[in-house]
Amino acid sequence: MTNKFRTLDDVDVKGKRVLLRVDLNVPMDNGRVTDATRLERVAPTINEIADKGGKVILLAHFGRPKGRDPKESLRPVAEALANVLKRPVAFADDCIGEPAAKAVAALKDGDILCLENTRFHKEEEKNDPAFVAELAKLGDIWVNDAFSAAHRAHASTEGLGHKLPAYAGRTMQAELDALEKALGSPTKPVIAIIGGAKVSTKIDLLENLVTKVDALVIGGGMANTFLHAQGVAIGKSLAEKDLAPTALRIMEKAEAANCAIILPVDATVAYHFAANAPSHAYGLDAIPADGMILDVGPQSIVRVQAAIDDAATLVWNGPLGAFEMQPFDRGTVAAAKHAAERTKAKKLISIAGGGDTVAALNQAHVAGAFTYVSTAGGAFLEWMEGKPLPGVEVLRTK
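Residues numbered from 1 in each chain as written. Predicted model: local features only at pLDDT ≥ 70, side-chain atom pairs only at ≥ 80, totals over all residues. Heavy atoms only, no water.

1. Topic: the overall build of the chain
- The helix and strand inventory of the chain stands at 14 helices and 17 strands.
- A globule of 398 residues ought to have a C-alpha radius of gyration of about 21 Å, and the chain, at 23 Å, matches this closely.
- The principal-axis extents of the C-alpha atoms in the chain amount to approximately 70 × 45 × 40 Å.
- Scored against the burial criterion, the 398 residues of the chain give a buried share of 58%.
- Within the chain, residue pairs in contact and separated by at least 24 positions form 74% of the contacts whose partners lie at least 6 positions apart.
- Here the chain carries 46 positive and 49 negative side-chain charges, and the mean point of each set is 3 Å from the other. (Helix = DSSP H or I, 4+ residues; strand = E, 2+ residues; numbered from the N terminus. Rg over C-alpha atoms; globule rule 2.2 N^0.38 Å. Buried < 20%, exposed > 50% of the residue type's maximum accessible area, 1.4 Å probe, protein only. Contact = heavy atoms within 4.5 Å. Lys, Arg positive; Asp, Glu negative; His and termini not counted. Charge placed at Lys NZ, Arg CZ, Asp CG, Glu CD.)

Below, the structure is given as structure tokens:
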């Protein structure tokens, strides 16, 4: 897959100033990083370039600042990154101009420098050519290791790829390899599990997937919309009833593409949207008028597990029920554990992504057992929708 993209295997970084776009958008509390996962993910690329004698110049955004804002500074993140890397990380108070130029000029081969938040300049998000040119002055090559920002055509995520020789970092490379295994040229049959609350946020995703996969499991609140469209009485369950025609259109498209749609055959119903609310499993013909579907039922779990057994590749985005609350996490956890066991047994390639999905897999303690878990929310979704990602396209071998 990555032979379609230029990677670090295609360049000698020794003595070069490497502008490395990374994702440092980590959760913070009182100036301290509370989850270093993203820092740990970019560490191999940073260390590799530094070990090979490149001068590592980190570009990243943090938050959504409107101009310069000390609360959105990358300085504390750079300090946390130094702890993860176990090597010093210098810091420059700006990403362009004299502070940046001076800091870059002071670098020796193998040194690491973090530039201040690129979004302190409004020209970053506008992909302004003059701003791109200012950034490009600081480097000899550009390496993009921020797949999570690849769906944005910003100066540091896409613009630099037109000004400097461009390469994918190791995190980006791993993501592109995983995505190719998932939908690009997957081992068939392929099953997708798509859950979450709303059909409206995933129409493009569903319409693309039914043309790519052999079976599509629909869960969560989305499934209620599909059941309602088929005339099932769903009580007081969350549903977008106005999207019934859309649901039926997706089902017709799936049938034409020979993609099996797997909907719940029973449901776990409660009368209050609360953890440990009394609940009961009902068949679809018996959902109480004042009840709410909060998870798939036991027969549906068995059906989803059977569908996973039939697949060689699984793509997963979104939970099957209200997984944040027990016992309504049962369906999601059971399916996740089953997929993890099949993956461990080398019978399944499992790719998952999206914020809720990562949280659900962590809750089931199986994230580490999946073939690949993407932490890139928006970019992962847009890629699954079949949309080209600007920050990836610019890395393609011409």
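Don't stop here, the text continues.
2. Structural notes on the packing of aromatic side chains
- Under the defined criterion, the tally for this structure stands at one aromatic pair.
- Note on W316 and F370: the rings are 6.3 Å apart at their centroids and 55° apart in plane angle, and the pair reads as tilted. Of this pair, W316 sits in strand β15 (residues 313-317) while F370 sits in the loop between α12 (355-363) and β17 (372-374), and the two are 54 residues apart along the sequence. By the burial criterion, W316 is buried, and F370 matches it. (Phe/Tyr/Trp six-rings, centres within 6.5 Å; stacked < 30°, edge-to-face > 60°.)

3. A short note on the pattern of salt bridges
- For the structure shown, the criterion picks out 21 salt bridges.
- With a shortest N-O distance of 3.1 Å, D140 and R17 are connected by a salt bridge. Taken together, the residues D140 in the loop between α5 (129-136) and β7 (141-144) and R17 in strand β1 (residues 17-21) connect sequence positions 123 residues apart.
- Between D51 and R87 there is a salt bridge; the shortest N-O distance is 3.0 Å. (Salt bridge = Lys/Arg side-chain N within 4 Å of Asp/Glu carboxyl O.)

4. A short note on the pairing of strand β12 (residues 266-270)
- A large share of β12 lies buried, amounting to five of its five residues.
- Going residue by residue along β12, you find D266, T268 and A270 tucked away on one face and A267 and V269 tucked away on the opposite face as well.
- Strand direction decides the pairing type here: β12 and strand β13 (residues 279-283), joined by five bridges, are antiparallel. Across the sheet, the residue bridging to V269 is H280, located in β13. (Pairing = 2+ DSSP bridges.)

5. Quick look at the layout of surface pockets
- Considered as a void within the structure, the largest pocket measures approximately 360 Å³ in volume.
- What lines the largest pocket is a set of 24 residues, and nearest its centre among them are G220, G221, L238, G321 and A322.
- For the lining of the largest pocket, a count of residues per class yields 15 nonpolar, five polar and four charged. (1 Å grid on protein atoms, 1.4 Å probe; cavity = no way out; pocket = protein on both sides within 12 Å on 5 of 7 lines; lining within 4 Å. Points joined across faces, edges and corners; volume = space filled by probe spheres on them. Nonpolar A, V, L, I, M, F, W, Y, C, P; charged D, E, K, R; others polar.)

6. Points about empty space enclosed by the protein
- All told, the structure shown has three cavities of 30 Å³ or more when counted by the stated rule.
- Space inside the largest cavity adds up to approximately 120 Å³.
- If you go around the largest cavity, the residues you meet are D23, R38, R41, V42, D145, A146, F147, S148, T171, E175, T375 and A376.
- With three residues, the single largest contributor to the lining of the largest cavity is helix α1 (residues 37-51).

7. What about the packing of helix α10 (residues 298-309) against helix α11 (residues 330-344)?
- Contact geometry of α10 with α11 gives a least axis separation of 10 Å together with a crossing angle of 20°. Of the possible angle classes, the one that applies to α10 and α11 is roughly parallel. Along this stretch, α10 crosses α11, giving a crossing that reads as right-handed. Side by side, α10 and α11 meet where I301, V304, Q305, I308 and D309 of the first sit next to R330, G331, A334, A335, H338, A339 and R342 of the second.
- In the contact of α10 with α11, the residues fall into six nonpolar, three polar and three charged. (Axes fitted to C-alpha atoms, helices over the stretch in contact; angles between N-to-C directions. Parallel < 35°, antiparallel > 145°, perpendicular 65-115°, else oblique. Left-handed = near helix turned anticlockwise from the far one by under 90°.)

8. Overview of the sheet that holds strand β5 (residues 90-92)
- In space, the six strands of this open sheet follow the order β5-β6-β4-β1-β7-β8, with parallel pairing throughout. Where the open sheet ends on each side, the last strands, each with one partner, are β5 and β8 (166-168). This sheet shows a mean twist of 25° between the axes of neighbouring strands, independent of strand direction.
- Pairing between β1 and strand β4 (residues 55-59): five bridges, direction parallel. Bridged to L19 within β4 is I57.

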